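Inside the fold
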Amino acid sequence: VVKKAGGSRYKIFDESCQVDHARRLYIESELRHALEKHQFKLLYQPQLDVHSNRIVGVEALIRWIHPEMGMVSPAEFIPIAEQMELIHSIGYWVAEEAIRQASEWCREGLGLRVGINLSGRQFMDGDLASKLGHMIRLSGLPPKLLDLEITESVAMDNPDQALFLLSELKQLGVTLAIDDFGTGYSSLEYLQKFCVDFIKIDRAFIKNLVHNPADQGIVKAVLGIAESLNMRVIAEGVETAEELSLLTAFGCDEIQGFFISRPVPAAEIPGVLMHYHSK
Ligand code: C2E
Ligand code: MG
Ligand code: MG
Ligand code: MG
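Anyway, here's the lowdown on the structure attached to this text. (Residues numbered from 1 in each chain as written. Chains lettered and ligands numbered in written order. Predicted model: local features only at pLDDT ≥ 70, side-chain atom pairs only at ≥ 80, totals over all residues. Heavy atoms only, no water.)

What about the overall build of the protein?
The secondary structure content of the protein amounts to eleven helices and eleven strands. Taken against the 2.2 N^0.38 rule, which gives 19 Å for 279 residues, the C-alpha radius of gyration of the protein at 20 Å falls within 12% of a compact globule. Every one of the 279 residues in the protein was classed for burial, and the buried ones make up 46%. Taking the contacts inside the protein whose residues are at least 6 apart along the sequence as the reference set, 67% of them involve residues at least 24 apart. Summed over all atoms, the accessible surface of the protein reaches about 13900 Å², with 54% contributed by carbon and sulfur. (Helix = DSSP H or I, 4+ residues; strand = E, 2+ residues; numbered from the N terminus. Rg over C-alpha atoms; globule rule 2.2 N^0.38 Å. Buried < 20%, exposed > 50% of the residue type's maximum accessible area, 1.4 Å probe, protein only. Contact = heavy atoms within 4.5 Å. Areas by Shrake-Rupley, 256 points an atom, 1.4 Å probe, with all protein chains shown as cover.)

Structure representation (structure tokens):
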């Protein structure tokens, strides 16, 4: 497709590029009404503690079910929501819903830790700690059952600010996790200062773990660092029994991935727990 761009200059547009652009515009306009139309839902993915062989936590993962587009991946719409500043309202909806679900499970005696993902802009929002604190108090949830995940790249982008914000969140009594660890540029000096409870090793290091000694070396090194810093390690994206046994042998604390369970609706969580805890 060639378009006249004024004067004698021509601009070349890729066909697929135009399709992408149209989809992007469509997503932008549909995203504005998605909350009020109740198009979001949360799925929960179990996290297995390999020491006790029990499911001790779940990560809340947002889904957008659109009447025309079907399921839109958060990897696609979260960055757009960030740019449009819609992330704040979406993020608070996620927090509210996850906290409500966590307190319901808590009352039922499940005592599951529930993790939520915070995007960069949410994390930098000056009201975040006080708003989350308010939600936690209203719900009656023991704060340590709420886990807040911030990616390594967001934390290391402005580590001094992150240090301040993380300690503010930590004062709520929640647990904190560094997500997608190993994919950003980490400063070990700052990692040591961050008051986080968990390091989540990115799936990039897990997917070839069994056949790639270099990945095994990296995972062992991360486990060593985490141990020295008194942090627990969660491996993301574990898909096979071989990966699970290798990670267990290396001393990894928790496992999350399709091998344990895909992300499922809240109603299916008690069944997954029963299945695991009766083994
Ligand atoms: P993440 O936080 O690193 O979440 C892990 C992603 O890996 C999830 O993708 C999950 O479904 C997927 N996954 C889990 N186990 C496996 C496995 O064994 N194999 C493979 N191939 N994938 C696995 P999902 O749900 O599509 O989310 C993608 C990303 O979107 C998340 O990465 C997170 O950064 C973001 N996200 C999801 N929900 C939220 C949310 O509520 N708020 C914000 N701000 N971001 C979110
Ligand atoms: Mg996450
Ligand atoms: Mg991750
Ligand atoms: Mg990831």
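There's plenty left to go through after this.
Remarks on the coordination of the magnesium ion (ligand 2)
At 2.0 to 2.2 Å from the magnesium ion (ligand 2) lie its protein donor atoms, namely E59 (OE), N117 (OD1), E149 (OE) and D179 (OD). Between the magnesium ion (ligand 2) and the magnesium ion (ligand 3), a spacing of 4.0 Å is present, and a bridge between the two is formed by D179. Separated by 32 residues along the polypeptide, N117 in strand 6 (residues 113-118) and E149 in strand 7 (residues 146-151) bring together distant segments of the chain. With a relative accessible area of 29%, N117 lands in the partly exposed category. Classification of E149 by relative accessible area gives buried; the value is 1%. (Donors = N, O, S within 2.8 Å, 3.2 Å for Na, K, Ca; no water.)

Some words on the pattern of salt bridges
Following the criterion strictly, the structure yields 14 salt bridges and no others. Note that E59 is salt-bridged to K200, the shortest N-O span being 2.8 Å. Of this pair, E59 sits in strand 4 (residues 54-66) while K200 is found in strand 9 (residues 198-201), placing the two residues 141 residues apart along the sequence. Neither residue differs from the other here; E59 and K200 are each classed as buried. Two residues, R232 and E254, come together in a salt bridge whose shortest N-O distance is 3.0 Å. Here R232 is found in strand 10 (residues 232-235), whereas its partner E254 is found in strand 11 (residues 254-256), with 22 residues between them in sequence. (Salt bridge = Lys/Arg side-chain N within 4 Å of Asp/Glu carboxyl O.)

Concerning the pairing of strand 6
Most of strand 6 sits inside the fold, with five of its six residues counted as buried. In this structure, strand 4 lies alongside strand 6, joined through three bridges in parallel fashion. When the sheet's bridge partners are listed, V58 is paired in strand 6 with V114. Here five bridges tie strand 6 to strand 7, and the two strands are oriented parallel to one another. (Pairing = 2+ DSSP bridges.)

Some details on helix 5 (residues 128-139)
The terminal C-alpha atoms of helix 5 lie 17 Å apart, and with twelve residues this matches the ideal 16 Å at 1.5 Å per residue to within 8%. Looking one or two places after helix 5, you find G140, whose phi comes out positive at around 80 degrees. (Expected span 1.5 Å × (residues − 1).)

Some words on the site of ligand 1
Neighbouring ligand 1 are 22 residues; R63, N117, D179, E239 and F258 lie closest to it. Here an oxygen atom of ligand 1 sits 3.2 Å away from a polar atom, N or O, in the side chain of E236. Its free accessible area being 800 Å², ligand 1 has 81% of it covered by the protein chains. The element best represented in the shell around ligand 1 is strand 4, accounting for four residues. Classifying every residue of the shell around ligand 1 gives eight nonpolar, six polar and eight charged. (Near = heavy atom within 4 Å. Polar contact = N/O pair within 3.5 Å; in protein donor to acceptor, adjacent residues only side chain to side chain. Nonpolar A, V, L, I, M, F, W, Y, C, P; charged D, E, K, R; others polar.)

Considerations on unusual backbone geometry
Look at H38: it is not a glycine, yet its phi comes out positive at around 55 degrees. Mapping H38 onto the fold places it in the loop between helix 1 (15-34) and strand 3 (40-49). What makes H38 exposed here is its relative accessible area of 70%. Positive phi outside glycine occurs at D180, with the angle close to 55 degrees. Tracing the sequence through the fold places D180 in strand 8 (residues 175-181).

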